[in-house]
Amino acid sequence: MKRIAILATNGFEESELKSPKEAMEKEGFNVDIVSLEKDEIKAWADGNWSSSYTVDKTLNEVRAEDYNALVLPGGVINPDLLRREEKALDFVRDFFKLKKPVAAICHAPWTLISAGVVKGRKMTSFHSIKDDVINAGADWVDQEVVVDEGFVTSRNPDDLPAFNSKLIEEIKEGKHEMQHA
């Protein structure tokens, strides 16, 4: 059975965690919400705090080796908090080193930029961080979903159907020898 880590903390965009998680579970994948803190993290939706989600594992309890893929939901607060935590950045880097699929949507590429894994990669993001992505050395394109050797990115919640579909496809394909940071 495939095990997937969703790395998130308080302020994640609710639909960008909930929708991929449900789609992956429907495929029979085991999905863990991995976070900086135990117990629960709070979602952001429609400009306000929303529901709380149960954290399955903290970063101290996991390794990239334990999972088949990594998913990073966006939101503005969530990736900005994650990018300040070296443990989170190491966890992200390890998926790239192990050539496993990584998927990020909306503002989540901020965490990837801080992890130093986007240079030379074709990707997309929320339009307001386009300059950040380009300045980090990535080839930014405006498409609903971009796949670059097991690396899946999308722009916003409207892209979730395409994002989920490609994410599941890449997980089923497994390791991508050309996946790199």
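Quick caveat: nothing in here was measured; it's all calculated off a predicted structure.

Scoring rules and cut-offs
- Residues numbered from 1 in each chain as written.
- Predicted model: local features only at pLDDT ≥ 70, side-chain atom pairs only at ≥ 80, totals over all residues.
- Heavy atoms only, no water.
- Pairing = 2+ DSSP bridges.
- Helix = DSSP H or I, 4+ residues; strand = E, 2+ residues; numbered from the N terminus.
- Core = buried A, V, L, I, M, F, W, Y, C linked by side-chain atoms within 4.5 Å.
- Buried < 20%, exposed > 50% of the residue type's maximum accessible area, 1.4 Å probe, protein only.
- Contact = heavy atoms within 4.5 Å.
- Phe/Tyr/Trp six-rings, centres within 6.5 Å; stacked < 30°, edge-to-face > 60°.

S.K.: Hey, could you run me through the sheet that holds strand 4 (residues 40–45) in this one?
M.R.: Think of a sheet as strands paired side by side through backbone hydrogen bonds, with each pair either parallel or antiparallel. Read across the open sheet, the three strands follow the order 2-4-5; overall the sheet is mixed. Two strands close off the open sheet at either side, each with one partner strand: strand 2 (12–13) and strand 5 (48–54). Examined bridge by bridge, strand 4 and strand 5 share five bridges and lie antiparallel to one another. Bridge assignment links K42 to a residue of strand 5, and that residue is S52.

S.K.: Can you walk me through the nonpolar core in this structure?
M.R.: For soluble globular proteins, nonpolar side chains are generally found buried alongside one another. Formed by 31 residues in total, the largest nonpolar core has its most connected members in L7, V34, L70, F91, V92, F95 and L112. Per-element accounting of this core gives the leading share, six residues, to helix 3 (residues 86–97). In contact with V92, other than residues within four places in its own chain, are L7, L70, T111, L112, A115 and V117. Within the second largest apolar cluster, 27 residues are counted, among which are Y53, A69, F163 and L167.

S.K.: Mind showing me how you'd approach the pairing of strand 7 (residues 69–72) here?
M.R.: Remember that side chains alternate between the two faces of the sheet whenever the strand is regular. Burial along strand 7 is two-sided: A69 and V71 and L70 and L72, pointing in opposite directions, are all buried. As defined by bridge partners, strand 1 (residues 3–7) adjoins strand 7 across three bridges and the pair is classed as parallel. Directly across from A5, in strand 7, lies its bridge partner L70. Here three bridges tie strand 7 to strand 8 (residues 102–105), and the two strands are oriented parallel to one another. Looking across to strand 8, one finds that L72 is bridged to A104.

S.K.: Sorry if this is basic, but what is going on with the packing of aromatic side chains here?
M.R.: Aromatic ring pairs: the centre-centre distance and the angle between the two ring planes describe each pair. On inspection of all chains with the given rule, the structure shows five aromatic pairs. Summarising the aromatic geometry, the rings of W44 and W49 are spaced 5.0 Å apart at their centres and angled 85 degrees between planes, so their arrangement reads as edge-to-face. Measuring from ring centre to ring centre gives 5.1 Å for F91 and F95, while their planes differ by 90 degrees; the resulting arrangement is edge-to-face. Remark: F95 and F91 occur in helix 3; sequence separation between them is four residues, near one turn of the helix.

S.K.: Just to check I follow, could you spell out the sheet that holds strand 8 for this structure?
M.R.: Pairing within the open sheet is mixed, and its seven strands lie in the order 6-3-1-7-8-12-11. In the strand order of this sheet, the two ends are held by strand 6 (57–58) and strand 11 (145–148), each with one partner. Strand direction decides the pairing type here: strand 11 and strand 12 (residues 151–154), joined by four bridges, are antiparallel. When the sheet's bridge partners are listed, D148 is paired in strand 12 with F151.

All we've got here are geometric facts, nothing functional implied.
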